[in-house]
Amino acid sequence: MKLKMNQLITILFALGTIIPVFSQRKITDRTITYEGTIDKYPIKAYLQYNIASKSIYGKYIYAKYPTNTPITLSGEIPSKTFNFQEEVFDNKTKEYKTTGKFSVDNFTTYNGLHGKWKNTSTNNIVDFQLEVVEKNADVVYYYEINKLTCEEKDYNKYYYRFNRVKIFDENKKLIETISLPDSFAYKESPLSISLEDYNFDGYLDIVLSHDYPFVSKGDKGQYYLIYNPTTKQFKFDKEFNTESSNILSLNPLTKTLSTGTADGRGNESETTYTVINNKLYKIAYWASTEENDLLEIKYKVVNGKSVEVSRKTK
């Protein structure tokens, strides 16, 4: 006797059986770094591919001018054809102005983008090519979160609790199970998880975002699972995960990470780090107060320590 799919599922759940494939989700979002040229001019770029919002966002700089303000990139998620544009802030109009358009005729992989770049002011068209920096840009992973009820009953209406993530390969074969601090995720949308290179070793790591229910400020945090190319597994590295609410902002163009604070009254700060052998070293710090006081400190790494080299106040 043949059973319909809904009947089969009902029977399996009645027997206490779980079908893992239904709870596995593909990690689709990723940040990819590129190096290449527009015409004959070398550039460095990165693109954040966000499948949920069906958009990309990124920045690029000309290699000859590494300290210039990066040029913003935006567009829609690529299909076979892929178009995105660049925008520069116009100080006169106080608005962003489209200065160039990129078109890729045949997008099949994250490993390279090749096509035409058009100057929107002159309509001049030249070739551009971008080659990927990461060694595993097209890697495919699936993940599975253990969903638990919240101890705080009011939370259960909107959130579920989790403390573990399973990582699977492209064939949905289990690679590893990673324990996490007790955390929350919003029921109405899939957990935010992406692939990004946070230790700048050329391999994509996993970044997992989580929630803090009913907290008005600082209600998001991130966990960083660092990939080890030797073991081909990820690790919840305490060097990157200093606290549950930690958020490290990634800058692929400068190969730096940064953390920031703000209290909404004008008191703000930002700390910038470089990464050496999977360790974070402070290289810059600035802070401003609601009284417009400003502090800037620069550091350099000496014998495995961040050493202050300059300090300015205003």
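Just above, that's the structure.
Peer 1: Hey, could you run me through the overall build of the chain in this one?
Peer 2: The helix and strand inventory of the chain stands at one helix and 22 strands. Projected onto its principal axes, the C-alpha positions of the chain cover 70 × 50 × 45 Å. Burial statistics for the chain: of 314 residues in total, 38% are counted as buried. Taken as a whole, the chain presents about 19000 Å² of accessible surface, with 49% of it coming from carbon and sulfur. Charged side chains in the chain number 42 positive and 39 negative. The centres of these two groups are separated by 3 Å.

Peer 1: I keep staring at the pattern of salt bridges and nothing clicks. Help me out?
Peer 2: As a working rule, side chains carrying opposite charge can pair if their charged atoms are close by. Summed over the entire model, instances satisfying the criterion amount to seven salt bridges. A salt bridge links Glu308 to Arg311; its shortest N-O distance comes to 2.9 Å. Residue classification places Glu308 among the partly exposed residues on the basis of a relative accessible area of 37%. Judged by its relative accessible area of 49%, Arg311 falls in the partly exposed class. Put simply, Asp263, Arg265 and Glu290 are held in one network by salt bridges that share partners.

Peer 1: Would you explain the side chain of Glu176 in this entry?
Peer 2: Mapping Glu176 onto the fold places it in strand β12 (residues 174-186). Buried charge without a partner: Glu176 forms no salt bridge, and the closest opposite charge is Lys235, 11 Å away. A polar contact of 2.5 Å, which involves the side chain of Glu176, links it to the backbone nitrogen of Phe234. Excluding residues that lie within four positions of it along the chain, Glu176 makes contacts with Val165, Lys166, Ile167, Gln233 and Phe234.

Peer 1: What should I look at first to understand a nonpolar patch on the surface in this one?
Peer 2: A cluster of nonpolar residues, Tyr158, Tyr186 and Phe214, forms a patch on the protein surface that exposes about 310 Å² of accessible area. Locating Tyr186 in the fold gives a position in strand β12. Residue classification places Tyr186 among the partly exposed residues on the basis of a relative accessible area of 34%.

Peer 1: Any chance you could explain the environment of Gly260 here in plain terms?
Peer 2: Inspection of the secondary structure assignment puts Gly260 in strand β18 (residues 256-262). On a C-alpha basis, the gap between Gly260 and Tyr285 in space is 9.7 Å, while along the polypeptide they are 25 residues apart. Once residues lying within four places of it in the same chain are set aside, the contact partners of Gly260 are Ser269 and Glu270.

Peer 1: So what exactly am I meant to see when it comes to the layout of surface pockets here?
Peer 2: Over the atoms, a rolling probe the size of a water molecule traces out where space has been left empty. Here the largest pocket is characterised by a volume of approximately 670 Å³. In terms of lining residues, the largest pocket is bounded by 29 residues, among which Lys59, Asn68, Thr69, Pro70 and Asn251 are the most central. Where the lining of the largest pocket is concerned, the elements lending two or more residues are β3 (41-50), β4 (55-62), β5 (71-76), β6 (82-90), β17 (249-251), β18 and β19 (268-276). Classifying every residue of the lining of the largest pocket gives 14 nonpolar, 11 polar and four charged. Counted as a void, the second largest pocket has a volume near 460 Å³. Taken together, 20 residues line the second largest pocket, and the ones lying closest to its centre are Ser245, Ile247, Thr259, Gly260 and Thr261. Within the residue set of the lining of the second largest pocket, elements represented by two or more residues are β18 and β19. Examining the composition of the lining of the second largest pocket, we find that five residues originate from one element, β18, more than from any other. By residue class, the composition of the lining of the second largest pocket is six nonpolar, nine polar and five charged.

Peer 1: Which parts of the structure should I look at to understand the pairing of strand β13 (residues 193-196)?
Peer 2: When a strand is regular, its side chains alternate between the sheet's two faces. Judged by which residues are buried, β13 turns out to be covered on both faces: Ile193 and Leu195 on one side and Ser194 and Glu196 on the other are all buried. The sheet contact formed by strand β2 (residues 29-38) and β13 spans two bridges and is parallel. Each residue of the ladder has a partner; that of Arg30, found in β13, is Leu195. Across four bridges, β13 lies against strand β14 (residues 205-211) in antiparallel orientation. Note that in β14 the partner of Glu196 across the bridge is Asp205.

Peer 1: What is the right way to read the sheet that holds β18 from this model?
Peer 2: Note on sheets: strands pair through backbone hydrogen bonds, and any given pair is parallel or antiparallel. Within the open sheet, the six strands sit side by side as β17-β18-β19-β20-β21-β22. Their pairing is antiparallel. Strands with a single pairing partner mark the edges of an open sheet, and in this sheet they are β17 and β22 (305-313). Here the average twist between neighbouring strands, direction ignored, is 25°. As defined by bridge partners, β19 adjoins strand β20 (residues 279-288) across nine bridges and the pair is classed as antiparallel. In the strand pairing of β20, Thr271 is matched with Tyr285.

Conventions we followed
- Residues numbered from 1 in each chain as written.
- Predicted model: local features only at pLDDT ≥ 70, side-chain atom pairs only at ≥ 80, totals over all residues.
- Heavy atoms only, no water.
- Helix = DSSP H or I, 4+ residues; strand = E, 2+ residues; numbered from the N terminus.
- Buried < 20%, exposed > 50% of the residue type's maximum accessible area, 1.4 Å probe, protein only.
- Areas by Shrake-Rupley, 256 points an atom, 1.4 Å probe, with all protein chains shown as cover.
- Lys, Arg positive; Asp, Glu negative; His and termini not counted.
- Charge placed at Lys NZ, Arg CZ, Asp CG, Glu CD.
- Salt bridge = Lys/Arg side-chain N within 4 Å of Asp/Glu carboxyl O.
- Polar contact = N/O pair within 3.5 Å; in protein donor to acceptor, adjacent residues only side chain to side chain.
- Contact = heavy atoms within 4.5 Å.
- Patch = residues over 30% accessible without salt bridge, like charges linked within 9 Å, V, L, I, M, F, W, Y side chains within 5 Å.
- 1 Å grid on protein atoms, 1.4 Å probe; cavity = no way out; pocket = protein on both sides within 12 Å on 5 of 7 lines; lining within 4 Å.
- Points joined across faces, edges and corners; volume = space filled by probe spheres on them.
- Nonpolar A, V, L, I, M, F, W, Y, C, P; charged D, E, K, R; others polar.
- Pairing = 2+ DSSP bridges.
- Axes fitted to C-alpha atoms, helices over the stretch in contact; angles between N-to-C directions.

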